[in-house]
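Inside the fold
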Amino acid sequence: PAVAVLALPLVTGFLEPYGRAFEAGAVAAAAGRRVLAPDRFAQDQELLRFRLPGARLAGYACPHGPTACAPPPPGGDLALAYLDPGQPAPQGWAEVAEVPVLKMRHSPEQVARLAGGDLTLLVERLALLRPSP
């Protein structure tokens, strides 16, 4: 039990950057606005509400599992999208802000790369997007 209690600050310290809300400016920009959000399941929507409080989230199809979400459809004031590190915003959208998140979906090939030590696959970006002109 003592080891678990001592390990708790280390684990929570490691995970803390991946549980943050968007910066205050992004939250203010989304407050009261319709934001298209990837809809995998209800628990994911609750987490997105925590990350972007005050926004009116409207889900768009995003399959569960390792398949990447489709780009957000046109028609929202703003949108959220999961992007890999270095991946540009989908066509028709421009990035406003981002927060790092732990990637929860991996293909068998990615699992093999993780087992081989490629830890870059553990993190993706949750990007707040606006329609680009």
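A brief look at the structure comes next.

Cut-off values and rules
Residues numbered from 1 in each chain as written. Predicted model: local features only at pLDDT ≥ 70, side-chain atom pairs only at ≥ 80, totals over all residues. Heavy atoms only, no water. Salt bridge = Lys/Arg side-chain N within 4 Å of Asp/Glu carboxyl O. Helix = DSSP H or I, 4+ residues; strand = E, 2+ residues; numbered from the N terminus. Disulfide = S-S within 2.5 Å. Buried < 20%, exposed > 50% of the residue type's maximum accessible area, 1.4 Å probe, protein only.

Turning our attention to the pattern of salt bridges. Side chains bearing opposite charge may pair, as long as their charged atoms lie close to each other. Taken as a whole and assessed by the stated rule, the structure comprises four salt bridges. The salt bridge involving Lys103 is made with Asp84; its shortest N-O contact spans 3.0 Å. Placement of Lys103 in the loop between β4 (93–102) and α4 (108–115) and of Asp84 in the loop between β3 (78–83) and β4 is noted, with a sequence separation of 19 residues between them. Several salt bridges share partner residues, and in doing so they unite Glu95, Glu98 and Arg125 into one network.

Under the defined criterion, the tally for this structure stands at one disulfide. Disulfide pairing places Cys62 opposite Cys69 at an S-S distance of 1.7 Å. Looking along the S-S bond of the Cys62-Cys69 disulfide, the torsion reads about -40°, which is the left-handed sense. Here Cys62 and Cys69 have matching classes, each one buried.

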